[in-house]
Amino acid sequence: MNPQPMLEVRDVSKRFVAVKNSESVVALEHVSFTVDRGEFFVILGPSGSGKTTILNLIAGFEQPSSGAVTVNGLPVSSPSWQRAVVFQEHALFPWLTAWENIEFGLKMKDVPPGKRVAIVREYIDVVGLKGFENKYPKELSGGMKQRVGIARALAVDSDIVIMDEPLGSLDAQTRSEMQDELLRILQHEKKKTVLLVTHSIEEALKLADVILVLSARPGTVKKTFRLVQPRPREILRDPEIIRVNVELHELLHKAS
Amino acid sequence: MTLLRRANAAGLLIVLLVLWEIFSRFALPALDTSAQLLLPPPSQGVRDAFNLAQQGVLWQHAAASAKRVYVGFLAAALIAIPLGIAMGLSRTLLRQLNPLVGVLRPIPPIAWIPITLLWFGVTDVQQYFIIFIGTLFPLLLNTIAGVHGLDPVLQRAALSLGARPKNLFALTLHAALPSIFVGVRTSLALGWFIIIASEMVSASTGLGFLIIEARTAMITERLYVGMFAIGMIGFLQDQLLVFLRDRLIPWA
Amino acid sequence: MGVWGRMRDFATTLAVLVLWEIVADYVYPHFVPTSRNIFPPPSAVIMIAWQLLISGELLRHAAYSLGRVLTGFALACAVGVPLGLSMGAWPFWRRQVSVVVEVLRPIPPFAWIPLGLLWFGVGDEQSVFVIFIASVFPVVLNTVFGIDAVEPVLKRSALSLGASKWRLFTRVILPAALPQIVVGIRIALSFAWMVLVASELIGSTSGLGYLILDSRNLGLPSLAFMGMLVIGLIGYLLDAGIRAAERLLLPWRG
């Protein structure tokens, strides 16, 4: 018996109307997919493919023009801590220290102070920021800021964690390291449902349980892949992964 | 810069001062007996400063000026900051008040002096008003800019962590603080500029008055004293503000 | 947005003007009999503006004021820009001059007025002098700042393309620093205008500042209001003028 999926996107379309000339742009057209509990779901697509739009719809920042998005059985109509987001630009509050940033969501949930301290301390450890908890974002490197962003989203223990190209602003080296870090951090979380949006094939192959390929203009579902190999993966060695890799490259090449 | 380097850099300044002293002390009297009244040597200025300081006169005048600046500034801040936040958040309010601000802002505060003298007479209130009108607009504009400068991503981040409308308001305020502080710094500096002119026209106390009185009484070196006292206070005030900023908003 | 939307923006302003007119004409006189002298309605301001405009007086005084500002301001640029450039070019010179500048800069320009009066007496020269003092510092500082801000990459690429030191200065550094220099000029102009008014209020017999002062003697607050608004308007136009000139002369600036 299949338990109810965590996230359901049903026949979602999104149209944007430009204010200046009343022209409309169809960002997404008839997109449908489901994400099961505990899955690491990656949406892969070139820029302009509407993957950010999907993310905004799921997070609740915007409403679909048609179709429905439900999380945990409930329709999504506004942002909520149940769908915590990790942003590409980290979006840390500059006037709060790393500690206070991570604590933010807990304060919003009225978690009592004693419990807050315990949770924040735990996550500082998990993301490896011990010793930096009292630094302001301006004093942290890009990679560290992203760790804070991840810790902040995880600390609220949401149903689903949404990540919008979280490693996009990092250099290649740091990015690769952070991908491994991310896997390690998520191991600490019992079966967290993660939705990650990226344009990096390598990232998708390294991290995903399911890869959904989105095509561009308008955004539609091209194909879905399921990877069962345990992580961390040797993406350059496993023949099955190599096959998927090649196909992904072709799809993406045609999609953009 | 190390102290020695600093001292070296003051070379030109020292040379100029010495030249001035010599020129004023020896060359001028040779040209004309009363020429020294036009450009007394700096040493005389220093002496006068000491006298005034000792008599307490200097401090009294400085305090009178300071009171006017800070009262006027406070009044402006009490209006400009809340109004600025409101105008920053509400497009409608901003557009409605924009023409009024656009017309009033370019008017130099000094130009308000005659009309305020008519309204308030030669009183401290008149001085407060001049400072008020002079500091209002920089504060207002910087506050609006601060509110507008809030990165929309931060708003989304807050919402995705469970923030409610009242939290968002606190968020906007926090993000606007650096800009508001710039407004405070600018307007306080401006306030000191303005008070001098205002006191020169219509006051019987204060550093501006000191300067104009010195001219009337032909105690020219006192002009230097007044000028430098004001400059020094302005400089110290700014340093204090920077110190406060590093304390209050270290994260900026 | 349309014309209608544009006009809607002036709703509050219109309301304020109407209220002002009503209060000044009817409410105030009710409580204070001689109030007309203190609180002129907008209609009175417009009337006197019109009067002075057609008599040519307004233009005459404005011309005096503008003349002083532009003279002092031009002097400040003529002295300030080369000084700033020289400071940018020779670090030793820069350090020396910086100290002098830092000592003189905190002194409010207004504070120079009595000295100006002492040295030049009542009249044009005193105004020009004080305006010069007020304008020269922003110009110098921003010129130096502009030169500092020239990206080293630009300098290096020019040198690697064989530019001589002189060429480097005139063809690369100068244009690159120009935007910041213009910023200094704009600030200087606004200072100049502010200081002009004060210097005319205190020590002059012509000009817009004098006009406001005279309003007191003549018991014509509407004149003061009008003077203030005209001063504000000209100040705004001067700034707009510089911004337009900047767009023309520095079209590469985004």
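The model shown is predicted, which means the values in this text are computed figures rather than measured ones. (Residues numbered from 1 in each chain as written. Chains lettered and ligands numbered in written order. Predicted model: local features only at pLDDT ≥ 70, side-chain atom pairs only at ≥ 80, totals over all residues. Heavy atoms only, no water.)

(A) Structural view of helix H7 (residues 124–148) of chain B. Between its terminal C-alpha atoms H7(B) stretches 36 Å, which fits the 36 Å expected from 25 residues at 1.5 Å a residue. Across the 25 residues of H7(B), 19 count as buried, placing the element largely inside the fold. (Helix = DSSP H or I, 4+ residues; strand = E, 2+ residues; numbered from the N terminus. Expected span 1.5 Å × (residues − 1). Buried < 20%, exposed > 50% of the residue type's maximum accessible area, 1.4 Å probe, protein only.)

(B) View of the sheet that holds strand E6 (residues 83–86) of chain A. All names here are of chain A. A sheet is described by the order of its strands in space; here six strands give the open sequence E6-E7-E8-E3-E9-E10, paired in mixed fashion. In this open sheet, the two edge strands, each paired with only one partner strand, are E6 and strand E10 (221–226). Neighbour-to-neighbour, the strand axes of this sheet turn through a mean angle of 20°, independent of strand direction. Those strands touched by helix H1 (residues 51–59) are strand E3 (40–44), E6, strand E7 (160–164), strand E8 (193–198) and strand E9 (210–214), and its axis lies near 150° from that of E7. Relative to the sheet, helix H5 (residues 172–188) contacts E3, E7 and E8, its axis offset from that of E8 by approximately 165°. (Pairing = 2+ DSSP bridges. Axes fitted to C-alpha atoms, helices over the stretch in contact; angles between N-to-C directions. Contact = heavy atoms within 4.5 Å.)

(C) Looking closely at the domain arrangement of chain B. All names here are of chain B. Parsing chain B into structural domains produces domain 1 (1–39) and domain 2 (43–248). The gap between the C-alpha centroids of domain 1 and domain 2 is 34 Å. With seven residues of domain 1 at the interface, the matching set in domain 2 holds six residues. When domain 1 packs against domain 2, the two sides together hide about 500 Å² of surface, and 43% of this comes from carbon and sulfur. A per-residue breakdown of the area domain 1 buries against domain 2 is headed by Trp20, Glu21 and Leu37, which together make up 65% of the total. Taken together, domain 1 and domain 2 are joined by zero salt bridges. Inspection of the domain 1/domain 2 interface yields two residue pairs in polar contact (both at pLDDT 80 or more). (Domains from an automatic or database assignment. Buried area = accessible area lost by both parts, 1.4 Å probe. Salt bridge = Lys/Arg side-chain N within 4 Å of Asp/Glu carboxyl O. Polar contact = N/O pair within 3.5 Å; in protein donor to acceptor, adjacent residues only side chain to side chain.)

(D) Summary view of the environment of Val225(B). Residue and element names in this part refer to chain B. Residue placement: Val225 occurs in helix H11 (residues 220–248). Val225 gets classed as buried once you look at its relative accessible area, which sits at 6%. Considered as a pair, Val225 and Leu210 are 15 residues apart in the sequence and their alpha carbons are 9.1 Å apart. Apart from the residues within four sequence positions on either side, Val225 is in contact with Gly45, Asp48, Ala49, Leu52 and Leu58.

(E) Looking closely at the pairing of E9(A). Residues and elements named next belong to chain A. In terms of residue burial, E9 counts as a mostly covered element, since five of its five residues are buried. Of the strand pairs in this sheet, E9 and E10 are connected by five bridges, and their pairing is antiparallel. Bridging from a neighbouring strand, Val213 pairs with Lys223 of E10. Linking E9 to E10, which pair antiparallel, is a turn of six residues; within it Arg217 sits at a positive phi near 35°.

(F) The arrangement of the domain arrangement of chain C in detail. Residue and element names in this part refer to chain C. The assigned domain composition of chain C is domain 1 (1–39) and domain 2 (42–253). With centres defined by C-alpha atoms, the gap from domain 1 to domain 2 works out at 34 Å. On the domain 2 side, the residues contacting the seven residues of domain 1 number five residues. With both chains or domains summed, domain 1 and domain 2 bury close to 530 Å², and 64% of this area falls on carbon and sulfur atoms. In terms of residue class, the side of domain 1 that touches domain 2 is made up of three nonpolar, one polar and three charged. (Nonpolar A, V, L, I, M, F, W, Y, C, P; charged D, E, K, R; others polar.)

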